[in-house]
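# Residue-level structure breakdown
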Amino acid sequence: MSSYRTTKSGTHNLRPPSTSTPTILKKRNTQLNNVPKQKVKINLVDNLKALLISFDQNNDKEKLKYNNLICDIRDAGIEIKDVELVALLKDARNCVNILNENLTLFVKVILILKWMNRSDEVVNEYRGFLLDVCTAHNYHTKFAIEQLVTCFSHVDSTVFDRVNGMPSEEEEKGFKNVHMTLEALLKVIPLAKDLLMTALKKKFPYKKSSVESHLHYIHNLLFVTEYEKSLRKQILSLIVSKLVEIDVHIPREELDRLGSNVNVEIEDIFPMDVDGEYMQVDPDKLEAESFSHTLDVCLKRLFMYMKTTCHDLNGDLLWNDTKLLYHDLLSVFESEILPTYNSSHIQYVIYYFISFKTTLAENFSNWLWKKCCDVSSSSTIRQAAAGYLASFLCRAPFILNSVLKNILFEMSTWCNNYINRVDKSVKVVNEDLLRWHAVFYSMCQSLFYIISFRHHDLMDSKRNLKFMENLNLSKIVTCRLSPLRLCCSTVVNRFAHITKTYQLTYCYVVMDGHIRITDQSIKDEWLYSFFPFDLYVLPRSKDFIMSNLYRHFDDDIIKHTNDDEEDKESSLLIDTMDISPSMLSTSSPAKTDWLGQLVNQHR
């Protein structure tokens, strides 16, 4: 009777059952130089079950046989032929009833075998073994799921003809085999969903991993949502949270490079051999370009997923499916995107989706406004919501004017009511005052921003001009709280010019009285950080947004200069306002200004 070939390298110490891969299953590079590697051959036997039954951890002889069996299967790896692997898997399936925790190592060495791109017979036998062993002994399920999930980030290094980084036809075939196995496992063990989510989080590629591994993994996660819809919100939240980590690590210099249309392919930034010497590249630049490339292709995959989920083959919107996905994405936006400081592109996930129907845009605008007014939310979240609302209303061409005017009216009413409650108590403008009324200042800046950049739609008729007059803007800009002091220079200059042109209010004297209180750089950073729908510059995915879903502003922004002395009347200046001397004398406003503190805390 034949038997498994056993090595004579001695015994191996077994570890207690665990979900991590035991050391004995990891190959060690012990080959000597210039010595050809011997091809491992497994002689299949009829007494595998007897060998496993007789295994006794306290018997050195039996332990040696068992360990050598494990090593032979491990060393076979991808070299084992399909016919031999099928026979091994069939033998293993015949032993399922005895594969208890003492034989965990044997189960693991079978599960780590490379199978996803083999013949249909191998795939079917592997799937059968995995399902049998998990249903018979549920403590093997966690490791089985982790092994399936590990396949999601598989990248075949021999493939060079990928289209936009997407898996090749052969890789897709292997992924399909994994999904069929995972779907079958979730049907027979429904409680395994929690184990699956844990594994998906654990096996997600590190942010510095290759672009292809990220794309393949996200591609497969989105495929899981097709047959396990109950996990869709959790999976989308996981994907977005990981992309947020990448997004916030892309430096501004890289975004400026992409925005200037300097198209340097990712392959061009690796070290090159020139005349026998390697040209060194900046590792930080290399990392930044890798991050932007990863975010680019992954966002493109998300956009494609949303489009195909919400539309049929004819391009018609599937409204019921769209509503369900909207609720999932809104939840993800609230938990992962809204609290994120200084992201550049991840917020366009919700922006693109909302463009599918004006009803979604109106609902999202109203949701943001409610978040602005939600006193149970933190001040930071309410400020971020105000910035998102203003940026969305200004940049989205699919926003109806009725929605724009309604939000603008609600905003101005809120600001005026706030002034009625608080303004009379203001005596000294100092850092504490700014901190206490942070939400008010954010609301005002959002109001100024919207009027500045949507004035063509807001003042194109007498009826609309009457509407703007009823907003009572003069009361807001001249109140003791002095909101213009915290607005960005771009917003202030344009708002002042627009309101003067249409004779709505006059800002220049107020601006002149407070222009030196807040540092210019802090104003500019405030504008960038809290009006998040800036230009979309990622080259591979930008066509989804910039082609027809984005409102561009004119570059010829009106710049107010000191030469406009004739426009600077003093009648609107409140003489009783007392400015804190500490704010006027400080050499570094960023350290005393509440906004500067907020910026520095998040760097």
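Everything here concerns the structure above.
Residues numbered from 1 in each chain as written. Predicted model: local features only at pLDDT ≥ 70, side-chain atom pairs only at ≥ 80, totals over all residues. Heavy atoms only, no water.

## A look at the nonpolar core
Core analysis: the largest hydrophobic core is formed by 182 residues, its most contacted members being Leu52 and Phe106. Ranked by residue count, the leading element in this core is helix α19 (residues 438-453), at 11 residues. Leaving out residues up to four positions away in the same chain, Leu52 has contacts with Tyr66, Leu69, Cys95, Ile98, Leu99, Leu103 and Phe106. (Core = buried A, V, L, I, M, F, W, Y, C linked by side-chain atoms within 4.5 Å. Buried < 20%, exposed > 50% of the residue type's maximum accessible area, 1.4 Å probe, protein only. Helix = DSSP H or I, 4+ residues; strand = E, 2+ residues; numbered from the N terminus. Contact = heavy atoms within 4.5 Å.)

## Describing the packing of helix α10 (residues 232-247) against helix α13 (residues 319-337)
Relative orientation of the contacting elements α10 and α13 amounts to 40°, with a least axis distance of 9 Å. Regarding the angle of α10 to α13, the classification is oblique. As α10 packs across α13, the resulting crossing turns out to be right-handed. Residues Arg232, Lys233, Leu236, Ser237, Val240, Ser241 and Val244 of α10 lie in contact with α13, whose contacting residues are Leu324, Leu325, Asp328, Leu329, Ser331, Val332, Ser335, Glu336 and Ile337. Of the residues assigned to the contact of α10 with α13, the class counts are 8 nonpolar, 4 polar and 4 charged. (Axes fitted to C-alpha atoms, helices over the stretch in contact; angles between N-to-C directions. Parallel < 35°, antiparallel > 145°, perpendicular 65-115°, else oblique. Left-handed = near helix turned anticlockwise from the far one by under 90°. Nonpolar A, V, L, I, M, F, W, Y, C, P; charged D, E, K, R; others polar.)

## Some remarks on the environment of Lys285
Residue position: Lys285 is located in helix α12 (residues 283-310). Distance from Lys285 to Ile250, taken between C-alpha atoms, is 9.8 Å for residues 35 residues apart in sequence.

## Points about helix α9 (residues 211-227)
In this model, α9 (17 residues) spans 26 Å end to end at C-alpha, consistent with the 24 Å of a helix rising 1.5 Å per residue. In terms of burial, α9 is a largely internal element, 14 of the 17 residues being buried. (Expected span 1.5 Å × (residues − 1).)

## Side note on the side chain of Ser241
Turning to its location among the elements, Ser241 is positioned in helix α10. Polar contacts involving the side chain of Ser241 include one to the main-chain carbonyl oxygen of Leu238, which spans 2.8 Å. (Polar contact = N/O pair within 3.5 Å; in protein donor to acceptor, adjacent residues only side chain to side chain.)

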